[in-house]
Amino acid sequence: YRTDQKTLSYLAQEYKIIDLILKYRSTQSNIAHFTTGLLRYIKETGRVYTHYQQFITATGRITTINPNLQNIPRTGEGIFVRQAFHAAEGNILTSFDYSQIELRIVAYLANDLVLLDLFNKNEDIHLLTATVIFEKSREEITKEERQIAKKINFSIIYGQSAFSLSKELKISGTQAREYIEKYKAHYPRIFAWMEEIKTKAKEIGYVETLYGLKRYIPEIQDKNKTVMKSGERIAVNTIVQGTAAEIMKKSMSSVYHYLEKKKIGKIVLQLHDEILVEMPA
């Protein structure tokens, strides 16, 4: 029998004890990685220093190790870990991040006029997607429904199936397929663009990010359908996440030079679509 998180999550609807098991594992993981685990990395200065890796991920994302400071919990019971990090006296930690960077990249690369128009008007993308999926007015959409729409926005651009979506949202497969069909009807250009990427990748064997990073994907030409479908997801993911990584690297350079020029702080961490800066209060 398998007891990995994915399998247990599928069974959580049927057995109440599984939620407790998952919560226990999460707590254990937080303790091992972020409390007792972090203590050994604290230097005499009282600071923690991570190590950056530029050439580990296939998409070009920067990662950190010893310790990994990019996966400090943001929500739930793990939020206490974030409260342990402080700037030096007189300083504050300021976060500069891109709002929905990957969805914006998709809107631009796919040239989806509906999505581009929403971003140009600074609309709440997740709220408006919820109005489409649930066929309600903005005022009628609940927080839970907006959260579902948010998950759908990000899962669909990475090729998540109706089956996976149903398990994640704890809904029926029929309901999940209905959500996806409504999304398709509202943002048809996104799906057409994704199909164009897959077709081209199958022909030439690789994909390319906006700034020219190539990734070869032998899986997409495999005769095994499961392997080929995995290759299709990799193709779209590489272009979107790879382009986001490139934009972030350009931003890190720009922010660094700006802070040096103004003498108002320094970059202390990069977290994928976010730059953390320590600066005077």
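Structural data are supplied above this passage.
Keep in mind it's a predicted model, so treat the numbers as computed, not measured.

Procedures and definitions
- Chains are numbered independently. Their residues run from 1 in the order of the written sequence.
- It should be noted that, the model being predicted, local features are given only for residues of pLDDT at least 70 and side-chain atom pairs only at 80 or more, the latter also being counted only at that level, while totals for whole chains, interfaces and linings use all residues.
- As a rule here, side-chain values cover all heavy atoms of the structure and leave hydrogens and water aside.
- Only runs of H or I of at least four residues qualify as helices and only runs of E of at least two qualify as strands under DSSP, and these elements are numbered from the N terminus.
- Buried residues are those whose accessible area, probed at 1.4 Å on protein chains only, stays under 20% of the maximum for their type, while exposed residues exceed 50% and partly exposed ones sit between those limits.
- The criterion used for residue contact is that any of the two residues' heavy atoms lie within 4.5 Å.
- Each accessible area value is a Shrake-Rupley result obtained with a 1.4 Å probe; residue values ignore everything except the protein chains displayed when judging cover.
- We count Lys and Arg on the positive side and Asp and Glu on the negative side, and we leave His and both chain ends out.
- Charge positions come from single atoms, namely NZ of Lys, CZ of Arg, CG of Asp or CD of Glu.
- Strand pairing is defined by DSSP finding a minimum of two bridges between the two strands.
- In what follows, salt bridge is the name for a side-chain nitrogen of Lys or Arg lying within 4 Å of a carboxyl oxygen of Asp or Glu.
- Nitrogen and oxygen atoms within 3.5 Å of one another constitute a polar contact, given that in protein one can donate a hydrogen and the other can accept it, and given that sequence-neighbouring residues count only through two side-chain atoms.
- Take the buried residues of types Ala, Val, Leu, Ile, Met, Phe, Trp, Tyr and Cys, join any two whose side-chain atoms come within 4.5 Å, and each joined set is a nonpolar core.
- Aromatic rings from Phe, Tyr and Trp, taking only the six-membered ring of Trp, are treated as a pair when their centres fall within 6.5 Å; an angle between ring planes under 30 degrees marks them as stacked, one over 60 as edge-to-face, and anything in between as tilted.
- Patch rule: a residue counts if its relative accessible area is over 30% and it has no salt bridge; like charges are joined within 9 Å, and nonpolar side chains (Val, Leu, Ile, Met, Phe, Trp, Tyr) within 5 Å.
- In this analysis an axis means a line fitted to C-alpha atoms, helices contributing only their contacting stretch, and an angle means the value between N-to-C directions, from 0 to 180 degrees.
- Each angle receives one of four descriptions, namely roughly parallel if under 35 degrees, roughly antiparallel if over 145, roughly perpendicular if within 65 to 115, and oblique otherwise.
- In this scheme, a crossing is called left-handed if the near helix is turned counterclockwise away from the far one by less than a right angle; it is called right-handed if the turn is clockwise.

J.: Give a detailed account of the overall build of the protein, specifying residues and quantitative values.
T.: Scanning the protein from terminus to terminus reveals 11 helices and seven strands. When burial is assessed residue by residue, the protein has 37% of its 281 residues classed as buried. Taking contacts inside the protein between residues at least 6 apart in sequence as the whole, the part at least 24 apart equals 51%. If you sum the accessible surface of the protein, you get close to 17,200 Å²; carbon and sulfur atoms cover 54% of it. If you average the places of the 40 positive and of the 32 negative side-chain charges in the protein, the two averages end up 4 Å apart.

J.: Requested: an account of the pairing of strand β7 (residues 274–280), with residues and values cited.
T.: For β7, the tally of buried residues reaches six of seven residues, placing the bulk of the element in the interior. Here seven bridges tie strand β3 (residues 91–97) to β7, and the two strands are oriented antiparallel to one another. Bridge pairing in β7 links Asn-91 to Pro-280. Where strand β6 (residues 266–270) meets β7, four bridges bridge the pair, whose relative direction is antiparallel. Bridge pairing in β7 links Leu-269 to Leu-276. Hairpin geometry of β6 and β7 is characterised by an intervening segment of three residues between the two adjacent antiparallel strands and by a positive phi of about 60 degrees at His-272.

J.: Describe the pattern of salt bridges, naming the residues involved and giving the relevant values.
T.: In total, this model carries 12 salt bridges according to the counting rule given. Salt-bridge contacts for Glu-145 lead to Lys-136; the nearest nitrogen and oxygen are separated by 2.6 Å. Look at Lys-136 and you get partly exposed, because its relative accessible area is 31%. Taken together, the shared-partner salt bridges connect Glu-135, Glu-178 and Lys-182 into one network.

J.: Go over the side chain of Thr-243 with me, naming the residues and quoting the values.
T.: Mapped onto the fold, Thr-243 is located in helix α11 (residues 225–262). Residue Thr-243 is classed as buried on the basis of its relative accessible area of 1%. Only 3.2 Å separates the side chain of Thr-243 from the backbone nitrogen of Leu-210, close enough to count as a polar contact. Contact partners of Thr-243, with chain neighbours within four places excluded, come to Ile-105, Leu-109, Thr-209, Leu-210 and Thr-238.

J.: Summarise the nonpolar core; cite the residues concerned and give the values.
T.: Counting 40 residues, the largest nonpolar core has Leu-115, Ile-152, Ile-190 and Trp-193 as the members making the most contacts within it. Leave out the neighbours within four places in its chain, and Ile-190 touches Val-106, Ala-110, Asp-112, Leu-115, Ile-157 and Tyr-183. Counting eight residues, the second-largest nonpolar core is a separate cluster that includes Leu-38, Leu-69, Leu-269 and Leu-276.

J.: Outline the packing of aromatic side chains, listing residues and values.
T.: Counting across every chain of the model gives four aromatic pairs. Measuring from centroid to centroid gives 5.5 Å for Phe-134 and Tyr-179, while their planes differ by 70 degrees, and the two rings are edge-to-face. One end of the pair, Phe-134, is in helix α6 (residues 125–134); the other, Tyr-179, is in helix α9 (residues 173–186), and 45 residues separate them in sequence. Residue Phe-134 shares its accessibility class with Tyr-179, and that shared class is buried. On the numbers, 6.1 Å between centres and 75 degrees between planes, the contact of Tyr-183 with Phe-191 is edge-to-face. By relative accessible area, which is 1% here, Tyr-183 ends up buried. Given a relative accessible area of 13%, Phe-191 falls into the buried group. An aromatic cluster is defined as three or more aromatic residues linked by ring pairs; in this entry it consists of Tyr-183, Tyr-187 and Phe-191.

J.: An account of a nonpolar patch on the surface is needed here, citing residue identities and associated values.
T.: There is a patch of nonpolar side chains on the surface, built from Tyr-15, Ile-17, Leu-20 and Ile-21 and spanning about 410 Å² of accessible area. Mapped onto the elements of the fold, Tyr-15 is located in the loop between α1 (5–11) and α2 (16–39). In this structure Tyr-15 comes out as partly exposed when scored by relative accessible area, which is 46%.

J.: I'd like to hear about the packing of helix α7 (residues 143–156) against helix α8 (residues 162–169), residue by residue, with values.
T.: Taken N-terminus to C-terminus, the directions of α7 and α8 make an angle of 150 degrees; their axes are 11 Å apart at the nearest point. One finds that α7 runs roughly antiparallel with respect to α8. Both α7 and α8 take part in a crossing whose hand is right-handed. Here Ile-148, Lys-151, Ile-152 and Ser-155 of α7 lie close against α8, whose contacting residues are Leu-165, Glu-168 and Leu-169.

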